[in-house]
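Letter by letter, the chains look like this.
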Amino acid sequence: MDLQNRENFLNRLAQRMGRERKLVPDQMDTPVNDHPTTRLTHLSQQELCDEFMNFAKVLLVDVVETKEADVAQAVLDVCEKYGSGSIVLNNDTRLESLGITEAVKAKFDSYVWNFTNREANISHAEKANIGIVHGEYGLAESGGIVLFASKDNGRSTSLLPTTSIVVVRKSAVLPRVAQLAQLLNQKAQAGERMPSCVNIISGPSATADIELIKVVGVHGPVSKIYVVIDDLA
């Protein structure tokens, strides 16, 4: 349909509907409140972290608090608690700098994500008992974890293993999704490369589709553990 035919069609359609064509959208109604952008923002960072961890526990997440100097040992302890076995880790420089990658490789049967070998990545992730990733942010309102996918941070690491361990810093806890959207918008406006996928995960896989009976582990990890680094001064 060329431009003239399109205009004729739209004009005829508007005439049949008994109203003029609108070429400028109506102004949006004024919101009743500003809760989407302000809820929980009055809390201190420690209070946000408390909300985040308390909500996560309601979602059946095992929350482990630790200091940065002890985080590698904390992750090893969690791996032992959940049966160790085969472990897959993202090739994340943050996990390396915290000493987690080397500590896990030295003690357990482990595999580090390699973006040059897609088939091996998927195979190891689906057979692994535990997957270890570093979270970008925590969300106080929902107890959720935000994960950015990239060539070195595969989605499968957190989605396919039976147990998922996420390392996150207290300083990276946000009030809610609105603040995450603002940060992503700032990155886009600054011309930064955006993640190929943004996952927001709240607790282990679960569904209550059948008669509202909650069943855990239907289409993803059965257990979710947050290893929270207390980096607040």
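Everything below is about the structure shown above.
As the structure is a computational prediction, the values presented were derived from the model and not from experiment.

About the cut-offs
Residues numbered from 1 in each chain as written. Predicted model: local features only at pLDDT ≥ 70, side-chain atom pairs only at ≥ 80, totals over all residues. Heavy atoms only, no water. Core = buried A, V, L, I, M, F, W, Y, C linked by side-chain atoms within 4.5 Å. Buried < 20%, exposed > 50% of the residue type's maximum accessible area, 1.4 Å probe, protein only. Helix = DSSP H or I, 4+ residues; strand = E, 2+ residues; numbered from the N terminus. Contact = heavy atoms within 4.5 Å. Arc of directions from axis to C-beta. Patch = residues over 30% accessible without salt bridge, like charges linked within 9 Å, V, L, I, M, F, W, Y side chains within 5 Å. Areas by Shrake-Rupley, 256 points an atom, 1.4 Å probe, with all protein chains shown as cover. Salt bridge = Lys/Arg side-chain N within 4 Å of Asp/Glu carboxyl O. Lys, Arg positive; Asp, Glu negative; His and termini not counted. Polar contact = N/O pair within 3.5 Å; in protein donor to acceptor, adjacent residues only side chain to side chain. 1 Å grid on protein atoms, 1.4 Å probe; cavity = no way out; pocket = protein on both sides within 12 Å on 5 of 7 lines; lining within 4 Å. Points joined across faces, edges and corners; volume = space filled by probe spheres on them. Nonpolar A, V, L, I, M, F, W, Y, C, P; charged D, E, K, R; others polar.

J.: Describe the nonpolar core, naming the residues involved and giving the relevant values.
T.: Among the nonpolar cores identified, the biggest contains 22 residues, and V75, I100, V104, I132, V167 and V227 are the most heavily contacted of them. Those elements that provide at least two residues to this core are α4 (71-81), β2 (87-89), α6 (100-107), β4 (130-134), β7 (163-169) and β12 (223-229). If you tally residues by element for this core, the top one is α4, at seven residues. Beyond its immediate stretch of four places on either side in the chain, V227 contacts V64, T66, V71, A74, V75, V78, I165, V166, V167 and V168. Grouped together as the second largest cluster of nonpolar side chains are 20 residues, L43, V63, L147 and I201 included.

J.: Could you give me a rundown of α6, with the residues and numbers involved?
T.: I100, T101, A103 and V104 are the residues of α6 that are buried. One face of α6 carries all of its buried residues, which in axial projection span an arc of 170°. Along α6, exposed side chains directed more than 90 degrees from the buried face belong to E102 and A106. On the buried face of α6, the contacting elements are α4, β2, α5 (93-97), β3 (110-112), β4 and β7.

J.: Could you give an account of the environment of V198, naming the residues involved and the relevant values?
T.: Note on placement: V198 falls in strand β9 (residues 197-201). Residue V198 is classed as partly exposed on the basis of its relative accessible area of 33%. A sequence separation of 99 residues divides V198 from G99, and the C-alpha atoms of the two residues are 25 Å apart. In this structure V198 touches V146, L147, F148 and L184, once residues within four positions along its chain are discounted.

J.: Please provide a residue-by-residue account of a nonpolar patch on the surface, values included.
T.: On the surface, F9, L13 and M17 cluster together into a nonpolar patch covering about 290 Å² of accessible area. Tracing the sequence through the fold places M17 in the loop between α1 (3-16) and α2 (35-38). Residue M17 is classed as partly exposed on the basis of its relative accessible area of 49%.

J.: Requested: an account of the side chain of K224, with residues and values cited.
T.: Tracing the backbone shows K224 in strand β12. D62 provides the closest opposite charge to the buried, unpaired K224, separated from it by 13 Å. For K224, the side chain forms a polar contact with the side chain of S164, separated by 3.0 Å. Those residues in contact with K224 that sit more than four places away from it in its chain are L60, V61, D62, S158, S164, V166, I201, G203 and P204.

J.: Explain empty space enclosed by the protein residue by residue, including any values.
T.: One pass over the structure, following the stated rule, counts one cavity of 30 Å³ or more. Roughly 100 Å³ of volume is contained in the largest cavity. If you trace the largest cavity, you find 14 residues lining it, with N90, L147, F148, N153 and G154 closest to the centre. At the level of elements, β4 and β6 (144-149) are the ones that each hand at least two residues to the lining of the largest cavity. Broken down by element, the lining of the largest cavity gets its largest block of residues, three residues, from β6. Residue composition of the lining of the largest cavity, by class: four nonpolar, six polar and four charged.

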